[in-house]
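Now for the letters of each chain:
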Amino acid sequence: MMNRTRIPLVRLGVLATLALSLAACVAEQSGNAVNATAPGFLQGVWHGFIFPVAWIVSLFTDDIAVYAVPNNGGWYDFGYFIGICFLGVGARNSKRRGP
């Protein structure tokens, strides 16, 4: 029988293995889809920031998308990440009030 302190470590190991397996899946954008005049970093930040509203609107119309394709690649993705995590839905007050 396993020691109770080892069970969380086993779960953590399984979770890490699953996460690495998912990270190994590489999603590539077609080379002809990347355009130098396409949306870049700043538009990625904007699209990440307005993601919640764009997602809700995209449920009801086909004219709105939550991600611009084609875009200029990595810089757009980085801006999108910044927009979501630091300015948009990921930016929230995380202070915990204790008893």
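About the thresholds
- Each residue is numbered by its place in its chain's sequence as written, counting from 1.
- A pLDDT threshold of at least 70 governs which residues receive local features in this predicted model, and a stricter bar of 80 or more applies before side-chain atom pairs are shown or counted, although totals over entire chains, interfaces and linings include all residues.
- Side-chain calculation: all heavy atoms of the structure are included, whereas hydrogens and water are not.
- Where helices and strands are cited, they refer to DSSP runs of H or I of at least four residues and of E of at least two residues respectively, numbered from the N terminus.
- Every helix has an expected span of 1.5 Å times one less than the residues it contains.
- Buried, partly exposed and exposed residues are distinguished by accessible area as a fraction of the type maximum, computed with a 1.4 Å probe on protein chains only: under 20%, between the cut-offs, and over 50%, respectively.
- We call two residues in contact when some of their heavy atoms are within 4.5 Å.
- The pLDDT value expresses, per residue, how confident the predictor is, ranging between 0 and 100.
- Identification of polar contacts relies on pairs of N or O atoms within 3.5 Å, with a donor-acceptor requirement for protein atoms, meaning one able to donate a hydrogen and the other able to accept it, and with residues adjacent in sequence counted only if both atoms are side-chain atoms.
- Pairing of aromatic rings covers Phe, Tyr and Trp, the last through its six-membered ring, and needs centres within 6.5 Å; plane angles under 30 degrees mean stacked, over 60 mean edge-to-face, and all others mean tilted.

Notes on helix α4 (residues 74–87)
Here is step 1: Spanning 14 residues, α4 covers 19 Å between terminal C-alpha atoms, matching the ideal 20 Å at 1.5 Å per step.
Here is step 2: Listed in full, the buried residues belonging to α4 are Tyr76, Gly79, Tyr80, Ile82, Gly83 and Ile84.
Here is step 3: Close packing links the buried residues of α4 with α2 (41–49) and α3 (51–58).

A short note on the confidence of the model for the chain
Here is step 1: Per-residue pLDDT for the chain averages 77, and the proportion of residues at 70 or more is 68%.
Here is step 2: Across the chain, the secondary-structure element scoring lowest on mean pLDDT is helix α1 (residues 6–23), at 79, and the one scoring highest is α2, at 89.

Let's talk about the side chain of Asn71
Here is step 1: You can see Asn71 is positioned in the loop between α3 and α4.
Here is step 2: Using a relative accessible area of 0% as the deciding quantity, one classes Asn71 as buried.
Here is step 3: Looking at Asn71, its side chain comes within polar contact range of the side chain of Tyr67, at 3.4 Å.
Here is step 4: At a separation of 2.8 Å, a polar atom in the side chain of Asn71 contacts the main-chain carbonyl oxygen of Ala68.

Observations concerning the environment of Phe81
Here is step 1: Checked against the element boundaries, Phe81 lands in helix α4.
Here is step 2: Its relative accessible area of 44% is what places Phe81 among the partly exposed residues.

Digging into the packing of aromatic side chains
Here is step 1: If you walk through the whole model with that rule in mind, you get eight aromatic pairs.
Here is step 2: With 5.8 Å between their ring centres and 25° between their planes, Phe41 and Phe78 make a pair best called stacked. Taken together, the residues span a long stretch of sequence, with Phe41 in helix α2 and Phe78 in helix α4 at a distance of 37 residues.
Here is step 3: Assessed through its relative accessible area of 30%, Phe41 is described here as partly exposed.
Here is step 4: You can call Phe78 partly exposed: its relative accessible area is 39%.
Here is step 5: Considering the side-chain rings of Tyr67 and Tyr80, the 5.3 Å spacing of their centres and the 80° angle between planes classify their relative orientation as edge-to-face. Residue Tyr67 is located in the loop between α3 and α4, and its partner Tyr80 is located in helix α4; the two are separated by 13 residues in the primary sequence.

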